[in-house]
Amino acid sequence: MGRITLENVSKVFGANPAQAIELISQGKRKAEVAQACGAVVGLRDISFDVHEGEILILMGLSGSGKSTLLRCMNRLVEPTVGRILVDDVDVTKLGRKELLAFRQKAFGMVFQHFALLPNRTILSNVGFGLEIKNVPAKQRIDAAMRAIELVGLKGWESKYPSELSGGMQQRAGLARALAADADILLMDEAFSALDPLIRRDMQAELRELQRSLKKTIVFVSHDLDEAVALGGRIVLMKDGEVVQIGQPEDVVARPATEYVRRFVEHIDLAAVMRAAQVADRDAIVLAPTDTVAEARLRTVAGGSDGWLVADGAGRFVGRVRAERLAAARVGETVASLLDLDPGVVAAEARLDAVLPQVATSGAVAVVAEDGRLIGPITSRDVVRALAARPGNPSQTQPTGAERWTGTSPNSPSTRSATTPSTGSPSMAAG
Ligand SMILES: Nc1ncnc2c1ncn2[C@@H]1O[C@H](COP(=O)(O)OP(=O)(O)OP(=O)(O)O)[C@@H](O)[C@H]1O
Ligand SMILES: [Mg+2]
């Protein structure tokens, strides 16, 4: 369980909600609605799916509607119109009692301020949700202890919240949400109050937990680096609307609007770009059956210290060094000249993880899961990728790096940034 479907959800605060909804259906935006009838549009006609088992990050500036959207998912905030389905249950149709039961069963929540009860131990805080549900003591304590262990707080269960650091209190908050064993976790700026280093740890741990426990997590953040660290799809919001949904690398490579571009402007590109996006897909690729003469002819332009080799089906075979090819006898074939350990990276590898390998071996081969060669990455490709931010002037002008490496004029300078990625689909909404 854990799939959430939002269908045309709008939320209006304040006066004249009916008129505001009518204006929204006519296509009016937040500012126009406010001017026309004074109502505050919290959410404006939002439709998308949260996939089961994913970690989805709601991002956007303050006031863009992140918390409102998160809270609509379990109706802590009532949507004014629209439908919200959790698997097959239409949450918007539940009566009050059913809603309370469903909320407890399906959702765990973690907030920025940990909201632990000060006069209860960590164990008792973590088991609190189960206590409300009248779960028998033994079962409750077992579940609470399991959650406490999961978040690394074993040994602290009989302490009081004030005896724990902020990071530990947030772990306890997370444990409380996990103890109830709900399939969906809703987390609103859960790590924002933590010190940067502790915050990093928590992000990494949450990611691990999410993978091993297969929770569906919706996480509100306005920190893009956090979104990247959590490693899920991003939903970018503005004025109550969804502006773009996609993996960070897709959003960076193809921002849907100027707002999105500015939002991702300062992102660490190396942390979001994937090897497949950076690989030089137009590089010369040799065949193992090429003779030395043929290979020399194909690489006559030179300028590289080696070439990759792929078979007739496009599968990666190996790498030939330029000096090896130069020294080979004419009768040999490429197959007999291959390097023994060419550097290979997966298409999905993040660029920052690939950099050390590129730095030491000069080039790596990017290979798809099915063994197909995508292309090489050299330091030149890395510089090009990092310099070419979509929407920047460098996209249309040759970068300094290209001028001094003498790249041919027909190789587009931003190829790596504009090539469709092999990653997950992205979509623009709103
Ligand atoms: N209870 C409320 N009454 C009136 N307006 C509200 C209420 N809650 C939210 N809003 C308005 O709805 C819009 C979205 O608010 P929301 O709190 O969802 O933004 P947010 O993206 O979570 O911002 P932040 O990053 O500051 O937490 C804002 O214009 C806000 O003023
Ligand atoms: Mg908020």
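Definitions and limits used
Once a new chain begins, its residue numbering starts again from 1 and follows that chain's sequence as written. For this description, chains carry letters from A and ligands carry numbers from 1, given in the order in which they are written. In keeping with the predicted nature of the model, local features appear solely for residues at pLDDT of at least 70, side-chain atom pairs appear and are counted solely at 80 or more, and the whole-chain, interface and lining totals rest on all residues. Working from all heavy atoms in the structure, the side-chain values ignore hydrogens and water. As used here, the term nonpolar core means buried Ala, Val, Leu, Ile, Met, Phe, Trp, Tyr and Cys residues forming a set that is joined through side-chain atoms within 4.5 Å. Burial status follows relative accessibility: with a 1.4 Å probe on protein chains alone, a residue under 20% of its type maximum counts as buried, one over 50% as exposed, and anything between as partly exposed. Elements are defined by DSSP. Helices are runs of H or I of four residues or more, strands are runs of E of two residues or more, and each kind is numbered from the N terminus. All domain edges in this entry derive from an automatic or database-based domain assignment. Throughout, the term near means that a residue has one or more heavy atoms lying within 4 Å of the molecule or strand in question. In the analysis that follows, any N or O atom pair within 3.5 Å is treated as a polar contact, provided that within protein one partner can donate a hydrogen and the other can accept it, and provided that, for residues neighboring in sequence, both atoms belong to side chains. Only the protein chains shown count as covering a residue, and every accessible area follows the Shrake-Rupley method with a 1.4 Å probe. Using a grid of 1 Å spacing that covers the protein atoms alone, one calls a set of points a cavity when a 1.4 Å probe fits there but cannot get out, and a pocket when the set is open and has protein on both sides within 12 Å along at least five of seven lines; lining residues are those with an atom within 4 Å of a point. Grid points are joined across faces, edges and corners, and a volume is the space filled by probe spheres set on the points. Only Asp, Glu, Lys and Arg are considered charged, only Ala, Val, Leu, Ile, Met, Phe, Trp, Tyr, Cys and Pro nonpolar, and every remaining residue, Gly among them, polar. Aromatic rings from Phe, Tyr and Trp, with only the six-membered ring used for Trp, were paired whenever their centres fell within 6.5 Å, and each pair was classed as stacked if the ring planes differed by under 30 degrees, edge-to-face if by over 60, and tilted otherwise. Whether a charge sits over a ring depends on NZ of Lys or CZ of Arg being within 6 Å of the ring centre and within 35 degrees of the ring normal. Lines fitted to C-alpha atoms define the axes, with helix axes restricted to the stretch in contact, and inter-axis angles between N-to-C directions lie between 0 and 180 degrees. Here the word oblique covers every angle except those under 35 degrees (roughly parallel), over 145 (roughly antiparallel) and from 65 to 115 (roughly perpendicular). Throughout, a crossing is termed right-handed when the near helix is turned clockwise from the far one, and left-handed when it is turned anticlockwise from it by less than a right angle. Pairs of residues are marked as contacts when any of their non-hydrogen atoms sit within 4.5 Å. One requirement defines pairing of two strands: DSSP has to find at least two bridges between them.

## Points about the nonpolar core
If you look at the biggest cluster of nonpolar residues, it comprises 68 residues, and the most contacted ones within it are Leu-174, Met-187, Leu-206, Phe-219 and Ile-377. In terms of residues, this core owes the most to one element, helix α8 (residues 166-179), which gives 7 residues. Viewed by domain, this core spans two of them, domain 1 (4-256) and domain 2 (276-382), each represented by three or more residues.

## Some words on the site of ligand 1
Ligand 1 sits among 14 residues. The nearest are Lys-30, Ser-62, Gly-63, Lys-66 and Thr-68. Take Gly-65: an N or O atom from its main chain is 3.0 Å from an oxygen atom of ligand 1. Ser-67 is positioned with one of its side-chain polar atoms (N or O) 2.8 Å from an oxygen atom of ligand 1. Protein coverage of the free-state accessible area of ligand 1, which is 640 Å², stands at 60%.

## Comments concerning the layout of surface pockets
The space that makes up the second largest pocket amounts to roughly 570 Å³. If you trace the second largest pocket, you find 17 residues lining it, with Gln-104, Phe-107, Met-109, Gly-129 and Arg-176 closest to the centre. Elements represented by at least two residues in the lining of the second largest pocket include exactly α4 (96-106), β6 (107-110), α6 (128-132) and α8. Tallied by class, residues from the lining of the second largest pocket come to 10 nonpolar, 4 polar and 3 charged.

## Comments concerning the packing of aromatic side chains
Scanning the model with the defined rule gives 3 aromatic pairs in all. Residues Tyr-259 and Phe-263 carry aromatic rings whose centres are separated by 6.0 Å and whose planes lie at 50 degrees to one another, so their mutual orientation is tilted. With Tyr-259 and Phe-263 both in helix α12 (residues 258-263), this residue pair falls 4 residues apart, about one helical turn. Of the residues examined, Tyr-259 reaches a relative accessible area of 14% and is grouped as buried. Taking relative accessible area as the criterion, Phe-263 reaches 16% and is therefore assigned buried. Between the NZ or CZ atom of Lys-238 and the centre of the ring of Tyr-259, over which it lies, the distance is 5.5 Å.

## Quick word on the packing of helix α1 (residues 17-25) against helix α2 (residues 30-37)
Remark: α1 packs on α2, axes separated minimally by 10 Å, with the N-to-C direction vectors making an angle of 140 degrees. Here α1 lies oblique to α2, going by the angle between them. In the crossing of α1 with α2, the sense of the turn from one axis to the other is right-handed. Contacts between α1 and α2 involve Gln-19, Ala-20, Leu-23 and Ile-24 on the former and, on the latter, Val-33, Ala-36 and Cys-37. For the contact of α1 with α2, a count of residues per class yields 6 nonpolar, 1 polar and no charged.

## Focus: the sheet that holds strand β12 (residues 306-310)
Strand order in this open sheet of 3 strands is β11-β12-β13, and the pairing throughout is mixed. Across the chains shown, the open sheet's two edge strands, defined by having one partner strand only, are β11 (285-286) and β13 (316-321). Taken together, the 2 bridges between β11 and β12 define a ladder with parallel strand orientation. Bridged to Val-285 within β12 is Leu-308.

## Some details on unusual backbone geometry
Trans is the prevailing form of peptide bonds, just as negative phi is the prevailing case for residues other than glycine. Of note in the backbone geometry, Glu-189 takes a positive phi value of approximately 50 degrees without being a glycine. Within the element layout of this structure, Glu-189 appears in the loop between β7 (184-188) and α9 (196-213). The class of Glu-189 is buried, set by a relative accessible area of 10%. Within the chain, Asp-239 stands out as a residue other than glycine whose phi angle is a positive 50 degrees. Looking at where Asp-239 falls in the secondary structure, it is placed in the loop between β9 (233-238) and β10 (241-246).

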